[in-house]
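# Working through the structure, step by step
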Amino acid sequence: MIAYLLRSLVQAALVMLAVAFIAFSMFRFVGDPIASIVGQDATLKDRQELSRALGLDDPMPVQFARFLANAAQGDLGLSYRQGRPVAALLGERLPATIELALLSALLALVVGLTLGVYTAIRRNGLLANVIMSASLVGVSLPTFLIGIGLIYIFSVELRWLPSFGRGDVVRLGWWTTGLLTESGRKSLVMPVVTLAFFQLTLIMRLVRSEMLEVMRTEYVRFARARGIPDRVIHFRHALRNTMVPVVTITGLQLGSVIAFAIVTETVFNWPGLGALFVQSVQVVDVPVMAAYLMFVGLVFVVVNLLTDLVYLMLDPRLRSASAAPAR
Amino acid sequence: MHAPVPAPAAPPKGRLARFLDSDLFYSFRTSPMAILAGTVAALMTLAALLAGLLAPQNAFDPAALNLMDGYTKPLEQGLGSQGLFVLGADAQGRDILSAILFGSRLSLVVGVASVAFSLVLGVGLGLLAGYVGGRIEALIMRIADIQLSFPAILIALLVFGVARGLIPPHRHEEMAVVVLIIAIGLSNWAQYARTVRASTLVEKNKDYVQAARLLGISPLPVMLKHLLPNVAGPVLVIATINLALAIIEEATLSYLGVGVPATQPSLGTLIRFGQQYLFSGEWWILLFPALALVLLALSINLLGDWLRDALNPKLR
Amino acid sequence: MSTKRFALAALLAGATFLTAVSVEARTLRWARSQDATTLDPHSGNTGPNHVMGHNIYEPLVLRAFDGKLQGALATEWRVLPDDPSTWEFKLRPNVKFHNGNAFTADDVVFSLKRAMQPAADMKSLLVSVEDVTKVDDLTVRIKTKGPNALLVNNLTNMFIMDKEWSEQNNATQVQDLKSKTENFATRNAMGTGPFQLVSREPDQRTVMRRFENYWGRDAVQNDITEIVYRPIPEAATRVAALLSGEVDWVQDLPPQDIERLRTAQGVRVNTGPENRPIFLGMNVGVPELRSSDVKGKNPFADVRVRQAVNGAINRDAIQRVVMRGQSQPAGMIASPLVNGYTKELDTPPKYDVAAARKMIADAGYPNGFSTTLHCTNDRYVNDEGICQAVVGMLGQIGIKATLVAQSLRVHFPAIQRGEYDFYLLGWGIPTFDSHYVFNDLYRTKTSSAGTWNGTGFSDPELDKKIDSLNSEVDLAKRNATIAEIWKQVQASNVYAPIHNQFIAYGMRSDFDIPVDVENTPKVRFIESRRS
């Protein structure tokens, strides 16, 4: 088991290295970082000097090595645009994105699970079919359209909910939360719903098909034949057996939720990492963009490690199986 | 949603064509939703393919537009060209109907081509992984894991950025569609690879493969003959659903402003422009392209959904 | 350091609490598409930075909403009668910084010298300055390299910081992006302005509170006690926020929403011209266009092609449709506020497709040619829409232009490097004088002049005339030279002017904020509407 964990860790490190390289090389070539620093009237000489000082004239491998060495020390450089340490910038933005992503994941999980179970049990019912059809409409709606639609209905027409930002936030140490103020809670509603929508339909459909699959197994049929009540069958047997894949997928989806927030945060002007990323792309703020990609990579790696661990705990049989090379 | 169908017999092995002829088509005929979705998708595809003939205006030719037609309301005549604008005109005097036809054509081309790209890539890598095994398999599947965990949109942005860096600036626009196809294609191949690899692993341990090995014959051709029909169903399902996803992905990229050039708007570009008029009363610039996009994605999704159920009779 | 900060925070908290219970607080919630890049007043020479600066800091002189020059921290200024190369500024007495420090000549000398540091972007406005000296506590002299009759025009965005505060907080050097540490002045500020900084979260919100000891308190016509500035990049979200009452003022309203908002309940819209002509530049300097199917020669090098481009653009249609009336079609790159402007020069070239076609055929391109038009999509009012329209119009005379619209962060440096064949640009003229146009857009490119001349246009004779404007003290003679230069550059047709853009402010109707011609509105000049 330790060997398994070790291998996971090595793989994680390799993945991180690959992500770092992609982040670095992608943004090394895009746009002109010099332009985002100096303004309207800077001369050619200023530009050349700055380019040299920032090390943009060095050979690529040297730049990448420097990038890695610095990143390993938590030094992600100074934002070209804001002149502030990137690590601090990300730290500031992190709570907004985490809060949004966690609430969205929670909403998607709870509602998705409920609806999934319901549509599986009543799979020929009218409501279940309506829900299933609605979920398809949901999958076919681009996130940005959902956001625009919500803003139009709830901010412009009804004026119930704020259309942008986090509202008032409360500071708890280095963490900030919008959950403790009314305007903060109101601001969370639309972005959370928008972001949760896709994952919700995904989880719902997954739960439904997994449950249908399980309910067809011999063991459930047998249970039913023994006269065990439907409710017990549904929740004790079927749902429980559905949980392993659901937990896995949900875990993996959490990573996507954080990155998927790019679009949602842009639409709602949410002061999180995704919005920062888009802004940075617009101004070619290389250090911020690179750091963001590394952050998403890190989330992915950590989530994967955790999922592996959860697997081990949920299903002891995998312990020995997973110790063997995956073939 | 689906009419009850008598439990189908096990699909006849080997011939895809016969399979299509029998159960699948029967299932299609008896599912009103599938017929509706299929009809809508077929009509929209046809209209998009014939955009050059059907559209009142060449929406991709800036010189064909008359700026004075800008913001013409639906069913009204333009100030500049005096033409009738059934769905209205955008800020540039572009006929929305024509723009939707040309735009869906672009969206479909990008969608189909990127799905084809990821299908070939995914099936190929899946076969390779399953057949060769070992380190190569581990590597491919690890990359597939990464791809599946990162949202497609992020991967596409990434690929897009890399391509931007590699292609000289003045060729960006002509390469935009190709870059888009590759970007979206590269972000969606892992599912095929997983499915095909799983089937390959099953097939590899069958007796005939072992037998071929013993005889010293390369088992690959025989295996492919058995394997491909088996994976055709699931791959088709994934491809259909991915087509809808690819269309949405293209729209999102264009919405974020990294897609096709503004003078050749896809549905996402049209929505990006239309969003500016959310409050100014020119609702048609946003609404019609948005409806077209949703309708296109929805009908393809419905088809994919039906296809999955139809090919997976267990679930019925 | 940390205890000091804590004390400050406690003080601020207390102060906020006090104002909350005593007088009624009135907050101005202000939104715009972009944020200032830094609060360091000398670091970046861009509009959004100056907007922020004008509330916290003050320059010696400034321009009011209508563009009129008036004293701020200086009460009088003159060129010394016996030395045309020296300006003398009398400073305003009894002015306090937000921390209570007295404002003196030392602060002015310190700040101007700081703005001349190599890392400072503002230095280009002070290139003619040789030295800044203190005469007494309230008198400062600026010595220039040769006479500079218009120096005072260059000081309208040159903000004065507290010297003592800067020294205490290690902010005497302009924010230097080459260093690895953050400059204190990036997110903190100490000026004499009507508002003092409470908090700064870049790209999220900046909060300022009224400075009760502001010297000009009595002249302020409003009761705004707090400013909350929030950048909202999406235009639709900005408008939604205004409609729903989440913000009081949107500084950059998209033209298409003006009509709808004029009729909306509780919302007021003010529009007006900005001192910022928008135009197209054609590269005449390269032997062969990089983006064209014509090889071996450069079509734009032929003046007839440039005339054809000028004549093929339907400026009225752009004004009517793309700008919804929110622009003034232009024939020259100078707004009516600029010295050297004449109505005659500003008459747009006649729109005549047939004539343009003929000219292009005469030049040897009967079938036209292809090229790429580069454009911003985040800088000027409907910039991308203008370019799309231009592409269509040029298509009608056979010029097949591919449109590339991208962020100003990519666009501007490419112009400065001369990488574009054909591009859109706008030119704000803070000095209100034609020299600023000639020197940057028409003069031959060197390391200090012609910085924004991306056309490769070069005429040594013209350069001499442009340079002579620097030291010409006889205004009549100087104006004659300006007129002469205009005649010459207009004939070159190297640029195709399109229009002067109008800007639109949208606000809740209990505010009435006039449009600032430089689009750097100063909150102190806002008149209160609340009765």
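Residues numbered from 1 in each chain as written. Chains lettered and ligands numbered in written order. Predicted model: local features only at pLDDT ≥ 70, side-chain atom pairs only at ≥ 80, totals over all residues.

Per an unreviewed UniProt entry, chain C carries the name ABC transporter substrate-binding protein and comes from Salinarimonas soli. Word for word, the UniProt comment on chain C under Sequence similarities (unreviewed entry) is "Belongs to the bacterial solute-binding protein 5 family." Recorded under Subcellular location (unreviewed entry), the UniProt text for chain C is reproduced unchanged: "Periplasm". (UniProt positions renumbered as here; feature names shortened; annotations may be inferred.)

You'll find chain B entered in an unreviewed UniProt entry as ABC transporter permease, with Salinarimonas soli given as the organism. Of chain B, the UniProt comment under Subcellular location (unreviewed entry) reads exactly: "Cell membrane". As recorded by UniProt, the Sequence similarities (unreviewed entry) comment attached to chain B reads in full: "Belongs to the binding-protein-dependent transport system permease family."

## Thoughts on the domain arrangement of chain C
Residue and element names in this part refer to chain C. Along its sequence, chain C is carved into domain 1 (3-266 + 509-528) and domain 2 (276-501). A separation of 33 Å is found between the C-alpha centroids of domain 1 and domain 2. Each partner contributes residues to the interface: domain 1 has 18 residues there, and domain 2 has 16 residues. Residue composition of the side of domain 1 that touches domain 2, grouped by class: eight nonpolar, nine polar and one charged. (Domains from an automatic or database assignment. Contact = placed C-beta atoms within 7 Å. Nonpolar A, V, L, I, M, F, W, Y, C, P; charged D, E, K, R; others polar.)

## So, the sheet that holds strand S4 (residues 74-79) of chain C
Strand pairs in the sheet, formed through backbone hydrogen bonds, run parallel or antiparallel to each other. All names here are of chain C. Pairing is antiparallel in the open sheet, where four strands are placed in the order S4-S5-S7-S6. What marks the edges here is a single partner per strand, and that holds for S4 and strand S6 (129-136). Averaged over all adjacent pairs, the angle separating strand axes in this sheet is 20 degrees, with direction ignored. Most of the contacts of helix H3 (residues 105-115) go to S6, to which it runs at about 170 degrees, and overall it touches strand S5 (86-91), S6 and strand S7 (139-144). (Pairing = 2+ DSSP bridges. Helix = DSSP H or I, 4+ residues; strand = E, 2+ residues; numbered from the N terminus. Axes fitted to C-alpha atoms, helices over the stretch in contact; angles between N-to-C directions.)

## Quick look at the UniProt feature "transmembrane region" (unreviewed entry) in chain B
Residues and elements named next belong to chain B. The residues that UniProt annotates with the feature "transmembrane region" (unreviewed entry) are residues 34-55, 108-131, 143-163, 175-192, 227-248 and 283-307. Taken end to end, residues 227-248 has its terminal C-alpha atoms 31 Å apart, with 100% of it in helix and 0% in strand. End C-alpha to end C-alpha, residues 283-307 measures 35 Å, and it is 100% helix and 0% strand.

## What about the nonpolar core?
If you look at the biggest cluster of nonpolar residues, it comprises 328 residues, and the most contacted ones within it are Tyr-292 of chain A, Ala-156 of chain B together with Trp-249 and Val-390 of chain C. The residue makeup of this core includes at least three contributed by each of domain 1 (3-266 + 509-528) and domain 2 (276-501) of chain C. Ignoring sequence-local partners within four residues, the contact set of Val-390 of chain C consists of Leu-280, Ile-313 and Leu-373 of chain C. (Core = buried A, V, L, I, M, F, W, Y, C linked by C-beta atoms within 7 Å. Buried ≥ 20, exposed ≤ 12 C-beta atoms within 10 Å, placed from the backbone.)

## A few points about helix H4 (residues 96-132) of chain B
Residues and elements named next belong to chain B. Its 37 residues give H4 an end-to-end C-alpha distance of 52 Å, which sits within 8% of 54 Å, the value for a rise of 1.5 Å per residue. Here H4 lies mainly inside the structure; 27 of its 37 residues are buried. Taken from the residues just after H4, Gly-133 is the one with a positive phi, measuring 70 degrees. (Expected span 1.5 Å × (residues − 1).)

## Comments concerning the packing of helix H7 (residues 143-157) of chain A against helix H6 (residues 235-243) of chain C
A pair of packed helices is characterised by two quantities: the angle between their axes and the separation of those axes. The interhelical angle for the contact between H7 of chain A and H6 of chain C, taken along N-to-C directions, is 25 degrees, at an axis separation of 9 Å. By the angle between their directions, the pair H7 of chain A and H6 of chain C is classed as roughly parallel. From H7 of chain A, Ile-151, Ser-155 and Val-156 of chain A reach across to H6 of chain C, where they touch Thr-237, Ala-240 and Leu-243 of chain C. Within the contact of H7 of chain A with H6 of chain C, the residues separate by chemical class into four nonpolar, two polar and no charged. (Parallel < 35°, antiparallel > 145°, perpendicular 65-115°, else oblique.)

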